[in-house]
Amino acid sequence: MIGCGVVGGGVVQNLKKNADLITSRTGMSMEVRKIAVRDLAKSRPVKTGLLTDSWQAVVADPEVDIVVELMGGIDQPLQVMLAAIEAGKPVVTANKALLAERGEIIFDKAASAQVPVFFEASVAGGIPIVKALSEGLRANQIEELHGIINGTCNYILTRMEAEKLDFQTILQEAKDLGYAEADESLDVDGFDAAHKAAILAGLAYGFIVPFDEVYVEGIRDISPLDMEFAQKMGYTIKLLATIRPHADSRIEVRVNPALVSRSHVLASINGVFNAVQVTGDVVGETLFYGRGAGSDPTASAVLADTIEAALGLAGGSCRTAPVLKSGAAAVLPMDEVSVPYYVRLTVRNTPGVLAQVSAIFGKHEIGISSVFQPEDHVDPDVPLVLLLDKAKEADMQSALREIKELDVVGSPCQLIRVEELS
């Protein structure tokens, strides 16, 4: 094992706890032979005799059959995985950033060497979504996939809605509870969810998604006012990963805050929980739900993959690791995505404002489905909320640029996409 932090400690402890169970189900015993860590002086829930500060020593050890990479980061884990593959040893990883940003290098090397790479733990913790997409649903064309796949963001948005508090206040609470890191940017700016979305898209459609082509938008700008208006219109706000194919063989892959109808099951996914809805042309709608992070849920996925790798080495019956290929499809540019929209403008409280705003939307052929303006606002500047019909992102952004130039429109201007879920 390379790395022994929260997840690594959970792997060691749960392997020990369920050793007899694993043996009864697989017919073989498994043990951790060596663990590479950065700091040998740090206290860890493992025997000190297992520890080394050299990952090379772990990979090269002839008694190590499987390499489990749990160190985090990109550059050094990439070296670890490539060295393990070159040594002919199956690799298990929970590293979503590495797979999303360097997956092409890893999977090409693994395919050439015919060495499996297992990565169930890289997406949604203990939820077996990788196995479902690569095995359970492989007879299906995936028609769409929507996921709440970052527990930190889901916790923050849930608390903002329930307590009517602002983003910064709830973010600090999440940090105090250990749900958010000291540097929260990876989570709240959407990149953690985008890494997972890239992996899910690859599994659903069999190709490596260039990470820089995934549209990413976080939740920093969501306000209690947006939560309040969304509730009044029958919606909640979630950070949502959306993946779907288009008729021209391009794939839509994006992560952004979205209005979700309160009648949909994803609207009820609260707190730190994750959920992934997958719709297949044969199976119909399926839902996978559970804890998306943490020591035990992630360790569960790591151990499941390690068992599969061991069964493969032993010549037993097991699933093969998913294989992703490069260049098999293209990602739909965000400018070409079409969705309905929620727009909150700050406008001067004078007659004729709505007419000016409507004229610009009409010029760009964007229909208005409903308008909401709170009656209890008496300030010179008041919020004006509009739900807009489905439109192309490029047209929507052009219209908003013009609207922001109106003398009667001030800051801030909020745009949130509305997700039409089956």
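1. Topic: the layout of surface pockets
Consideration 1: Approximately 1,200 Å³ is the volume found for the largest pocket.
Consideration 2: Around the largest pocket, the lining comprises 40 residues; the ones closest to its centre are Val7, Lys96, Glu181, Ala293 and Gly294.
Consideration 3: Sorting the residues of the lining of the largest pocket by element identifies helix H1 (6–17), helix H5 (96–113), helix H7 (151–163), helix H9 (185–188), helix H10 (191–205) and helix H12 (295–314) as the ones contributing at least two each.
Consideration 4: Its residues placed into classes, the lining of the largest pocket shows 15 nonpolar, 17 polar and eight charged.

2. Some points on the packing of aromatic side chains
Consideration 1: Under the definition given, this model contains four aromatic pairs.
Consideration 2: With a centroid separation of 5.6 Å and an interplanar angle of 70°, the aromatic rings of phenylalanine 107 and phenylalanine 119 are classed as edge-to-face. One end of the pair, phenylalanine 107, is in helix H5; the other, phenylalanine 119, is in the loop between strand E5 (117–118) and helix H6 (129–136), and twelve residues separate them in sequence.
Consideration 3: For phenylalanine 119, a relative accessible area of 1% corresponds to the buried category.

3. Thoughts on the side chain of glutamate 144
Consideration 1: Looking at the secondary structure, you find glutamate 144 in strand E6 (residues 142–148).
Consideration 2: Of the polar contacts made by the side chain of glutamate 144, one reaches the side chain of histidine 146; its length is 3.3 Å.
Consideration 3: Aside from chain neighbours lying at most four places away, what touches glutamate 144 is Tyr205, Ile243, Arg244, Gln277, Val278, Thr279 and Ser422.

4. Comments concerning the environment of alanine 124
Consideration 1: Mapped onto the elements, alanine 124 comes out in the loop between E5 and H6.
Consideration 2: A sequence separation of 91 residues divides alanine 124 from arginine 33, and the C-alpha atoms of the two residues are 27 Å apart.
Consideration 3: Alanine 124 has contacts with Ile129, Lys196, Asn274, Arg291 and Gly292, leaving out every residue within four places of it along the chain.

5. Description of unusual backbone geometry
Consideration 1: That bond from serine 411 to proline 412 is cis: its omega, 0°, falls within 30 degrees of zero.
Consideration 2: Of note, proline 412 is situated in strand E16 (residues 409–418).
Consideration 3: Phi angles above zero are rare outside glycine, and alanine 124 is one such case at about 60°.
Consideration 4: Even without glycine at this site, lysine 164 takes up a positive phi of about 60°.

6. Quick look at the pattern of salt bridges
Consideration 1: Across all of its chains, the model carries 26 salt bridges by this definition.
Consideration 2: Between lysine 131 and glutamate 135 there is a salt bridge; the shortest N-O distance is 3.0 Å. You can see lysine 131 and its partner glutamate 135 sitting in helix H6, four residues apart, about one turn around the helix.
Consideration 3: With a shortest N-O distance of 2.8 Å, glutamate 161 and arginine 262 are connected by a salt bridge. With a gap of 101 residues between them, glutamate 161 in helix H7 and arginine 262 in the loop between strand E9 (250–261) and strand E10 (273–280) connect regions that are remote in the sequence.
Consideration 4: Among the residues examined, glutamate 161 registers a relative accessible area of 11% and is labelled buried.
Consideration 5: Exposure remark for arginine 262: the relative accessible area of 41% places this residue in the partly exposed category.
Consideration 6: Each member of the salt-bridge network shares a partner with another, and the members are Glu144, Arg244, Glu252, Arg254 and Glu419.

The rules we used
Residues numbered from 1 in each chain as written. Predicted model: local features only at pLDDT ≥ 70, side-chain atom pairs only at ≥ 80, totals over all residues. Heavy atoms only, no water. 1 Å grid on protein atoms, 1.4 Å probe; cavity = no way out; pocket = protein on both sides within 12 Å on 5 of 7 lines; lining within 4 Å. Points joined across faces, edges and corners; volume = space filled by probe spheres on them. Helix = DSSP H or I, 4+ residues; strand = E, 2+ residues; numbered from the N terminus. Nonpolar A, V, L, I, M, F, W, Y, C, P; charged D, E, K, R; others polar. Phe/Tyr/Trp six-rings, centres within 6.5 Å; stacked < 30°, edge-to-face > 60°. Buried < 20%, exposed > 50% of the residue type's maximum accessible area, 1.4 Å probe, protein only. Polar contact = N/O pair within 3.5 Å; in protein donor to acceptor, adjacent residues only side chain to side chain. Contact = heavy atoms within 4.5 Å. Salt bridge = Lys/Arg side-chain N within 4 Å of Asp/Glu carboxyl O.

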